[in-house]
Amino acid sequence: MRAILVRRCSSSIVASAAPLRVARTLTRSIHATSRVDHAAIYKNPTVTRSESITPPPPPREAHDAVYYADLAARGVIRNNWSKEEIRSIYESPLLDLVFQSAKVHRLHHNARQVQQCTLLSIKTGGCSEDCAYCPQSSRYKTTVKASKLLPEDEVLAAARRAKDAGSTRFCMGTAWRDLDGRKSNFKQILSYVKEIRGMGMEVCCTLGMLSADQAKRLKEAGLTAYNHNVDTSREYYSKIITTRTYEERLNTIAHVQAAGISVCSGGIIGLGESDTDRIGMLYTLSNLPTHPESVPINALLAVEGTPLEKEEPVKIWEMLRMIATARIIMPRAMVRLSAGRVRFSVPEQALCFMAGANSVFTGDKLLTTPNNDKNEDKAMFELLGEAKHRLY
């Protein structure tokens, strides 16, 4: 009786396996055809400029995150994204989106490495700009007090502490519109850049708008990267800032790239913008002639006294969509989990790393807002198996 039962089970398995074999054969055939078609279009998988690349429409039966992640996995780097294409990725079912971005991340980066950067405000407060999110603006009544440029000994001591703590990049920020009329301060900053590079660290600055000559001088001093965020979409920008135009931001980015300095440029979510504006910000960044070397995704930390003090905190699901979409459309960029990380739990941060974030800011503060404690970060990375997950 037992033998009969086994035989019957075996028969039913064989019978049910037949249609499965047919389905698998058809699937292989479809996939093979798809690969041939794509290969005919993308003859050079290492193209970095995209005027000649016009992808075929995605198959209707596939989520678009799957389709575009497949192209990124083949090495196709595009600078001609449309807003509709980015939206189709951004609006994919969240678990599909994160799964696809994780695949792209692992093909272009070592998923066990996270860049550790330290950011220091070397000139705080008293800024003439009206950025609605910023407590350093002189237009708002916040607890931030204006200060002069930090002296060399304090800056270099902070850089040494950052290096000892494991950071390989040291970032310096100033609260002002630009360097016009600040020749002595600029000369000091150039000296800081040279000294910190001499420690064997990468150096990044965010000093407001730059001229082409100023960018060239920073390059000659040894600057590694320059941060200049676009903040939000072109359409929403005037609701956040009126003292500087979107074009002025793009001009500074162009001067930095022309000087041969890596660009660090991203934005902030949680400013009251729509999903369309978030897509618009990613559209601007992904269509630069060269993608930013790093793309910081910031979640607003609303500060009392600023116009955005009552904005609701950004949810982890919103951050995940931004990180995952950025990873797929700018596969070689470092995607930095930046301001606002302090609000996310360890499991939530782990999801961000899974989705493609591979850089963080360390230190007690990000300019003037709170940041994660370094001991908590160390514990988190150890929990996530970061004895293997090297910080660099």
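Before any of the text, the structure's been laid out above.
Report follows, based on the coordinates. Here the structure is a predicted model, which means the values were calculated and not measured. (Residues numbered from 1 in each chain as written. Predicted model: local features only at pLDDT ≥ 70, side-chain atom pairs only at ≥ 80, totals over all residues. Heavy atoms only, no water.)

**Quick word on the nonpolar core**
- Grouped together as the largest cluster of nonpolar side chains are 94 residues, with contacts concentrated most on Tyr133, Met172 and Ile196.
- Examining the composition of this core, we find that 9 residues originate from one element, helix H10 (residues 316-329), more than from any other.
- Among all residues touching Met172, those that are not within four sequence positions of it are Leu119, Leu120, Ile122, Val155, Tyr192, Val193, Ile196, Val203, Cys204, Cys205, Thr206 and Leu207.
- Within the second largest apolar cluster, 6 residues are counted, among which are Cys171, Cys204, Ala225 and Phe361. (Core = buried A, V, L, I, M, F, W, Y, C linked by side-chain atoms within 4.5 Å. Buried < 20%, exposed > 50% of the residue type's maximum accessible area, 1.4 Å probe, protein only. Helix = DSSP H or I, 4+ residues; strand = E, 2+ residues; numbered from the N terminus. Contact = heavy atoms within 4.5 Å.)

**What to know about the pairing of strand S8 (residues 334-337)**
- Neither face of S8 is exposed, since Met334 and Arg336 on one face and Val335 and Leu337 on the opposite face are all buried.
- Relative to S8, strand S7 (residues 294-299) runs parallel, the two sharing 4 bridges. Its bridge partner lying in S8, Ser294 is registered against Met334.
- The β-α-β motif built from S7, the intervening H10 and the parallel element S8 has right-handed crossover chirality. (Pairing = 2+ DSSP bridges. Right-handed = clockwise from strand over helix to strand, strands pointing away.)

**Brief notes about empty space enclosed by the protein**
- Counted by the stated rule, this structure contains 2 cavities of 30 Å³ or more.
- Here the second largest cavity is characterised by a volume of approximately 50 Å³.
- Broken down by secondary-structure element, the contributors of at least two residues to the lining of the second largest cavity are helix H2 (64-73) and H10.
- Here the element with the most residues in the lining of the second largest cavity is H2; it accounts for 3 residues.
- In terms of residue class, the lining of the second largest cavity is built from 9 nonpolar, no polar and 1 charged. (1 Å grid on protein atoms, 1.4 Å probe; cavity = no way out; pocket = protein on both sides within 12 Å on 5 of 7 lines; lining within 4 Å. Points joined across faces, edges and corners; volume = space filled by probe spheres on them. Nonpolar A, V, L, I, M, F, W, Y, C, P; charged D, E, K, R; others polar.)

**Section: helix H7 (residues 212-221)**
- Listed as buried for H7 are Gln214, Ala215, Leu218 and Ala221. For H7, the arc enclosing every buried residue in end-on projection is 120°, short of the 170-degree limit, so these residues lie on one face.
- Elements in contact with the buried residues of H7: helix H6 (183-197), strand S4 (225-227) and helix H8 (246-258).
- One or two residues past the end of H7 sits Gly222, with phi positive at roughly 105°. (Arc of directions from axis to C-beta.)

**Structural notes on the pattern of salt bridges**
- Enumeration over the complete set of coordinates arrives at 13 salt bridges.
- For Arg169, the salt bridge goes to Glu293, with nearest N and O atoms at 3.0 Å. Here Glu293 lies in the loop between helix H9 (275-286) and S7 and Arg169 lies in strand S2 (residues 169-174), a separation of 124 residues in the sequence.
- For Glu293, a relative accessible area of 24% puts it in the partly exposed group.
- Between Glu247 and Arg234 there is a salt bridge, and its shortest N-O distance comes to 2.9 Å. Within this pair, whereas Glu247 is found in helix H8, its partner Arg234 is found in the loop between S4 and H8, the two being separated by 13 residues in sequence.
- Overall, the relative accessible area of 39% leaves Glu247 in the partly exposed class.
- With a relative accessible area of 41%, Arg234 lands in the partly exposed category.
- The network of salt bridges with common partners includes Glu129, Arg177, Asp178, Arg244 and Glu248. (Salt bridge = Lys/Arg side-chain N within 4 Å of Asp/Glu carboxyl O.)

**Examining the packing of H9 against H10**
- At a minimum axis separation of 11 Å, H9 and H10 run at an interaxial angle of 25°. The angle between H9 and H10 places the two elements in the roughly parallel class. As for how H9 packs across H10, the hand of that crossing is right-handed. Between H9 and H10, the contacting residues are Arg278, Met281, Leu282 and Ser286 on the first element and Glu318, Met322, Thr325, Ala326 and Ile329 on the second.
- Classifying every residue of the contact of H9 with H10 by side-chain character gives 5 nonpolar, 2 polar and 2 charged. (Axes fitted to C-alpha atoms, helices over the stretch in contact; angles between N-to-C directions. Parallel < 35°, antiparallel > 145°, perpendicular 65-115°, else oblique. Left-handed = near helix turned anticlockwise from the far one by under 90°.)

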